[in-house]
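# Residue-level structural notes
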Amino acid sequence: MDGDRMISLNERGLSRRTAMMATGTALGSTFALSVQPVQAQTMIVTPADGLTAGEVKVKTKDGKEMAAYRAMPATGQGFGTILVVQEIFGVHAHIADMCRRFAKAGYCAIAPELYFRQGDPKGYTEIPKLISEVVAKVPDEQVMGDLDACVAFVKGEGKADTAKLGVTGFCWGGRITWLYDAHNPAVKAAVAWYGRVVGDATPLTPKHPIDIAKQLHGPVLGLYGGADSGIPNDTVDKMRAALKAAGTPAASKSEIITFPDTPHAFNADYRPSYRKERAEEGWTKALAWFKANGV
């Protein structure tokens, strides 16, 4: 694939309306069918001027090619590295935009399509079907390995500094953020946006964030909504208690913020759940968290 074709439609400075109606197949150029129609009046489209941004191919440990959206400043080097972990909907336009926002802040951000072996989440029109046929079949172990592969890819490019490693994720990716922090000793800090923290152990998901509080390597900032119907407040309180009980430096430094009267997916500016004030506050706190913790 040539360089021009690897650049997603959003990166060419398209308007919100044009970006929403884009029919290109580049990663991060469209939205999942299950979340359409998107909320055009609140959707943020971050321009790619001054950035190197677009789809890249990452070699995984099992020899496969995984698509990922990567954005970083067009000039300079030594950028902090941030893994951006998708919602259940895959790497669609919102996740790509989050990468560009981090790049505008001086980071190299990469969001891999973590379901690529199980299916394309963007083609599903019904969320329950998407969860049962794709999401539920994705092993945590596979995800950890694929995120490791992204770190290796970024290191190989030679522009970013993977010793300054952070991870952030949304919804499904919020849970993965906690797990990856415990998985990779190189993680300096993490920001988990409304990811569930408790759950049943299964062969594919043997542990949940509450089970790995003692194993955290970098401090985690958790951003949760007090009116999240899918993540009860008492489970978030249990995670706070688990961090306190763990007593390790990373756990002790971790912090969970619950925004009152705020729903799930409050940062998803393309959906009705978006809450502008809380999203902006969360973003400011996320950037400060990464900066304060060596990312």
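Residues numbered from 1 in each chain as written. Predicted model: local features only at pLDDT ≥ 70, side-chain atom pairs only at ≥ 80, totals over all residues. Heavy atoms only, no water.

## Observations concerning the overall build of the protein chain
Counting its secondary structure elements, the protein chain contains nine helices and eight strands. Relative to its length of 295 residues, the protein chain is compact, with a C-alpha radius of gyration of 18 Å against a globular reference of 19 Å. Along the three orthogonal principal directions, the C-alpha set of the protein chain runs to about 50 × 40 × 35 Å. A buried classification covers 56% of the 295 residues belonging to the protein chain. Once local pairs closer than 6 in sequence are excluded, the contacts in the protein chain between residues at least 24 apart make up 73%. As displayed, the protein chain has an accessible area near 12,200 Å², and 54% of this comes from carbon and sulfur atoms. A gap of 3 Å separates the mean positions of the 34 positive and 31 negative side-chain charges of the protein chain. (Helix = DSSP H or I, 4+ residues; strand = E, 2+ residues; numbered from the N terminus. Rg over C-alpha atoms; globule rule 2.2 N^0.38 Å. Buried < 20%, exposed > 50% of the residue type's maximum accessible area, 1.4 Å probe, protein only. Contact = heavy atoms within 4.5 Å. Areas by Shrake-Rupley, 256 points an atom, 1.4 Å probe, with all protein chains shown as cover. Lys, Arg positive; Asp, Glu negative; His and termini not counted. Charge placed at Lys NZ, Arg CZ, Asp CG, Glu CD.)

## Concerning helix H5 (residues 140–157)
In this model, H5 (18 residues) spans 26 Å end to end at C-alpha, consistent with the 26 Å of a helix rising 1.5 Å per residue. Burial analysis of H5 places 13 of its 18 residues in the buried class, which makes it a mostly covered element. (Expected span 1.5 Å × (residues − 1).)

## Observations concerning unusual backbone geometry
In this model, Gln 36 is joined to Pro 37 through a cis peptide bond whose omega is 5°. Residue placement: Pro 37 occurs in the loop between helix H2 (16–21) and strand S1 (51–59). One non-glycine residue, Asp 261, lies in positive phi territory at about 55°. Relative accessible area serves as the criterion here: at 71%, Asp 261 is assigned to the exposed category. Phi at Ala 265 is positive, roughly 60°, even though this residue is not glycine.

## Re the packing of aromatic side chains
Scanning all chains against the criterion turns up 11 aromatic pairs. Connected via pairs of aromatic rings, a cluster forms that spans Phe 170, Trp 193, Tyr 194, Phe 259 and Phe 266. (Phe/Tyr/Trp six-rings, centres within 6.5 Å; stacked < 30°, edge-to-face > 60°.)

## Brief notes about the sheet that holds strand S8 (residues 255–259)
Pairing within the open sheet is mixed, and its eight strands lie in the order S1-S2-S4-S3-S5-S6-S7-S8. The open sheet has two edge strands, S1 and S8, and neither has a second partner. With strand direction ignored, the average angle separating the axes of adjacent strands in the sheet is 20°. Relative to strand S4 (residues 108–112), strand S2 (residues 65–73) runs antiparallel, the two sharing four bridges. Pairing of Ala 68 across the sheet is with Pro 112, part of S4. The strands that helix H3 (residues 93–104) touches are S1, S2, strand S3 (79–85), S4 and strand S5 (160–170); relative to S2, the one it contacts most, it runs at about 35°. (Pairing = 2+ DSSP bridges. Axes fitted to C-alpha atoms, helices over the stretch in contact; angles between N-to-C directions.)

## Some words on helix H7 (residues 233–246)
Between its terminal C-alpha atoms H7 stretches 20 Å, which fits the 20 Å expected from 14 residues at 1.5 Å a residue. Of the residues making up H7, those classed as buried are Thr 235, Val 236, Met 239, Ala 242, Leu 243 and Ala 246. Down the axis of H7, the sector holding all buried residues measures 110°, keeping them to one side. Facing away from the buried side of H7, by more than 90 degrees, are the exposed residues Lys 244 and Ala 245. The inward-facing, buried residues of H7 contact helix H6 (172–183), strand S7 (220–225), helix H8 (249–253) and S8. (Arc of directions from axis to C-beta.)

## Details of the nonpolar core
One finds Val 58, Leu 83, Val 84, Ile 110, Trp 172 and Trp 178 to be the most contacted residues of the largest nonpolar core, which totals 96 residues. By residue number, the principal contributor to this core is H5, which donates eight residues. Not counting residues within four places of it along the chain, the set of residues in contact with Leu 83 comprises Ile 110, Leu 147, Cys 150, Val 151, Leu 165, Gly 166, Val 167, Thr 168 and Tyr 180. (Core = buried A, V, L, I, M, F, W, Y, C linked by side-chain atoms within 4.5 Å.)

## Quick look at the packing of H3 against helix H9 (residues 276–292)
At their nearest, the axes of H3 and H9 sit 12 Å apart, and the two run at 55° to each other. The pairing of H3 with H9 is recorded here as oblique in orientation. Crossing handedness for the pair H3 and H9: right-handed. Two secondary-structure elements touch here, H3 through Met 98, Arg 101 and Phe 102 and H9 through Trp 283, Leu 287 and Phe 290. Per-class residue counts for the contact of H3 with H9 are five nonpolar, no polar and one charged. (Parallel < 35°, antiparallel > 145°, perpendicular 65-115°, else oblique. Left-handed = near helix turned anticlockwise from the far one by under 90°. Nonpolar A, V, L, I, M, F, W, Y, C, P; charged D, E, K, R; others polar.)

## Re the layout of surface pockets
As a volume, the largest pocket reaches approximately 540 Å³. Contributions of two or more residues to the lining of the largest pocket are made by helix H4 (127–133) and H6. The residue inventory of the lining of the largest pocket, partitioned by class, reads 12 nonpolar, seven polar and seven charged. In this structure, the second largest pocket occupies an estimated 210 Å³ of space. Around the second largest pocket, the lining residues are Asp 140, Glu 141, Met 144, Leu 179, Ala 182, His 183, Pro 206, Lys 207, Ile 212 and Gln 215. The set of elements that each furnish at least two residues to the lining of the second largest pocket consists of H5 and H6. (1 Å grid on protein atoms, 1.4 Å probe; cavity = no way out; pocket = protein on both sides within 12 Å on 5 of 7 lines; lining within 4 Å. Points joined across faces, edges and corners; volume = space filled by probe spheres on them.)

## Digging into the confidence of the model for the protein chain
With 92% of its residues at a pLDDT of at least 70, the protein chain reaches an overall mean of 92. For residues 1–24, every residue scores under 50 in pLDDT, and the model assigns this stretch 44 contacts once sequence neighbours within four places are set aside. (pLDDT = per-residue confidence, 0-100.)

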